[in-house]
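# Breakdown of the fold
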Amino acid sequence: MGIDDDHTAHTPSLSLAEARAEWDVDRTFLDSCSYGPPPRRGWDAMQTSLEQWRRGTRPWQSWTDSVQDSRELFATMIGAEADWVATGAAVSQLLAPIAAALPDGAEVLVPDIEFTSGVYPFAVHAHRGVSVRTAPLDSLAEAIDESTALVSFSAAQSATGEVADTQTITARAREVGALTVLDGTQAAGWLPLDAAEVDFLVVAAYKWLCAPRGAAFLTMRPPNSGDSGATSTRSREEFAARLKPLAAGWFAGGTGASYSMPMHLADDARAFDISPAWHSWVGTAPSLELLLEIGVERIHAHDVALANAFRARLGLETSNSAIVSIEVADAAPSRLDEAGIRFSMADGRARFGFHLYNDADDVTAAVEALRGLT
Ligand SMILES: Cc1ncc(COP(=O)(O)O)c(C=O)c1O
């Protein structure tokens, strides 16, 4: 796969109908909140690399090229420079160095229903006085005060699908000099995200980015970039000086394998890369490429329209999310299973995710299976 330097190859060029022909998703899959099935080009690339591995026909380096391709494609999607982007395997792993860089006694603020991968990396530092305070997502900005060192929140909530008011939260965080960590795992791929809005944007790619498990990204905005106020810039610089790539190994050097000392780390976010899960990355790059060919704005319109069609037929209000979370009767899960509807239970509610491979027939199937059960 070739990545154009000017990224013109990623100007949206595919209609949704054309793009959907790249998926082989059976009806009725409404569980993108749990995982996103791959497009054929991602699946095929991965099968090819697995076959190469099985037969021993290719050097491993050809598989690691996909890490840099993925990094560049992801950067394009979220408006970052590629050298802001570190690659890893999971959200919690990528957040661990950020938590470790917090000073003793720091206070972290999170929404009260935040997914634990954005909470536990901070909570495990309780022994040195790091505390985690919670507040409702819709009043998170108001809950930020002078004692807040860092705010960790999801762009779209895992449990409810609620979309955070990122602008208001980050504006308030800047006022008090608090760092911001945005988890885009339930958003990237359908909700336009801007990495420049926050200090750190973390995304696991196996859901709405339709990549295999094992590929995740963390953008680290350089402390001197953006339009932050003076206080915030100063605290970010202090924080950056404490931030260390705690899992650095040979891949964090940004060049080939090396031995012993002296240490040569990449001078950008790549220093935070962990050794890549090769085949996962081979499957990730084609998927990102395809999503960019469709365009996140177009996917956003499609996904939210389907979610709202589902809401309307269940008598719920319109929303701005691709995720619908509803209370259902006890009999609903087995009824949905029997009807072949793939969905998930989250925080005691039934959760449905509508993505680009879904259509109006999926909405109808789910509504019919839920008849009398909501
Ligand atoms: C908001 C959010 N963040 C992160 C994750 C996954 O985290 P990790 O990669 O640490 O398993 C999930 C999975 O459901 C999620 O919903």
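Now for a description of the structure that goes with this document. (Residues numbered from 1 in each chain as written. Predicted model: local features only at pLDDT ≥ 70, side-chain atom pairs only at ≥ 80, totals over all residues. Heavy atoms only, no water.)

Ranked by internal contacts, the top residues of the largest apolar core, which has 63 residues, are Phe74, Val151, Leu193, Leu201, Leu209 and Ile294. Within the residue set of this core, elements represented by two or more residues are helix 1 (16-20), helix 3 (61-77), helix 6 (140-143), strand 4 (148-154), helix 7 (166-176), strand 6 (200-204), helix 9 (278-294) and helix 10 (296-313). Of the residues forming this core, the biggest block, seven residues, is contributed by helix 9. Those residues in contact with Val151 that sit more than four places away from it in its chain are Leu109, Leu140, Ile144, Ile169, Ala173, Ala178, Leu179, Thr180 and Val181. With 30 residues, the next largest nonpolar core counts Leu94, Val108, Val110 and Leu179 among its residues. (Core = buried A, V, L, I, M, F, W, Y, C linked by side-chain atoms within 4.5 Å. Buried < 20%, exposed > 50% of the residue type's maximum accessible area, 1.4 Å probe, protein only. Helix = DSSP H or I, 4+ residues; strand = E, 2+ residues; numbered from the N terminus. Contact = heavy atoms within 4.5 Å.)

Residues in close proximity to the ligand total 14 residues, the closest being Val91, Ser117, Asp183, Lys207 and Arg213. Note that an oxygen atom of the ligand is positioned 2.8 Å from one of the side-chain N or O atoms of Lys207. One of the side-chain nitrogen or oxygen atoms of Arg213 is found 2.8 Å away from an oxygen atom of the ligand. Notes on the ligand: free accessible area 400 Å², of which the protein chains cover 92%. Looking at the shell around the ligand residue by residue, the class counts come to five nonpolar, six polar and three charged. (Near = heavy atom within 4 Å. Polar contact = N/O pair within 3.5 Å; in protein donor to acceptor, adjacent residues only side chain to side chain. Areas by Shrake-Rupley, 256 points an atom, 1.4 Å probe, with all protein chains shown as cover. Nonpolar A, V, L, I, M, F, W, Y, C, P; charged D, E, K, R; others polar.)

Moving on, we get to the pattern of salt bridges. For the structure shown, the criterion picks out 19 salt bridges. In this structure, Glu327 engages Arg349 in a salt bridge whose closest nitrogen and oxygen atoms are separated by 3.6 Å. Within this pair, whereas Glu327 is found in the loop between strand 8 (323-326) and helix 11 (332-338), its partner Arg349 is found in strand 10 (residues 349-353), the two being separated by 22 residues in sequence. Look at Arg349 and you get partly exposed, because its relative accessible area is 28%. (Salt bridge = Lys/Arg side-chain N within 4 Å of Asp/Glu carboxyl O.)

This part covers the sheet that holds strand 1 (residues 85-88). Pairing between sheet strands relies on hydrogen bonds along the backbone, with the strands arranged either parallel or antiparallel. On the basis of which strands lie adjacent, the open sheet formed by seven strands has the order 1-7-6-5-4-2-3 and mixed pairing. With one partner strand each, in any of the chains shown, strand 1 and strand 3 (131-135) form the two edges of the open sheet. Neighbour to neighbour, the strand axes of the sheet diverge by 20 degrees on average, direction disregarded. Direction of pairing for strand 5 (residues 179-183) relative to strand 6: parallel, over a ladder of three bridges. Paired with Leu182 across the bridge in strand 6 is Leu201. (Pairing = 2+ DSSP bridges. Axes fitted to C-alpha atoms, helices over the stretch in contact; angles between N-to-C directions.)

If you walk across this open sheet you meet the three strands as 8-10-9, and the pairing is antiparallel. Only two strands of the sheet have a single neighbouring strand rather than two, namely strand 8 and strand 9 (344-346). Each strand axis lies, on average, 35 degrees off the axis of its neighbour in the sheet, ignoring direction. As paired strands, strand 9 and strand 10 are joined by three bridges and run antiparallel to one another. What sits directly across from Ala346, in strand 10, is Arg349.

Running from N to C, helix 3 and helix 9 cross one another at 35 degrees; their axes reach a closest spacing of 8 Å. The chirality of how helix 3 crosses helix 9 is left-handed. Mapping the contact onto sequence places Trp63, Thr64, Ser66, Val67, Asp69, Ser70, Leu73, Phe74, Thr76 and Met77 in helix 3 and Trp278, His279, Trp281, Val282, Thr284, Ala285, Leu288, Glu289, Leu291 and Leu292 in helix 9. Residue classes in the contact of helix 3 with helix 9 are distributed as twelve nonpolar, six polar and two charged. (Left-handed = near helix turned anticlockwise from the far one by under 90°.)

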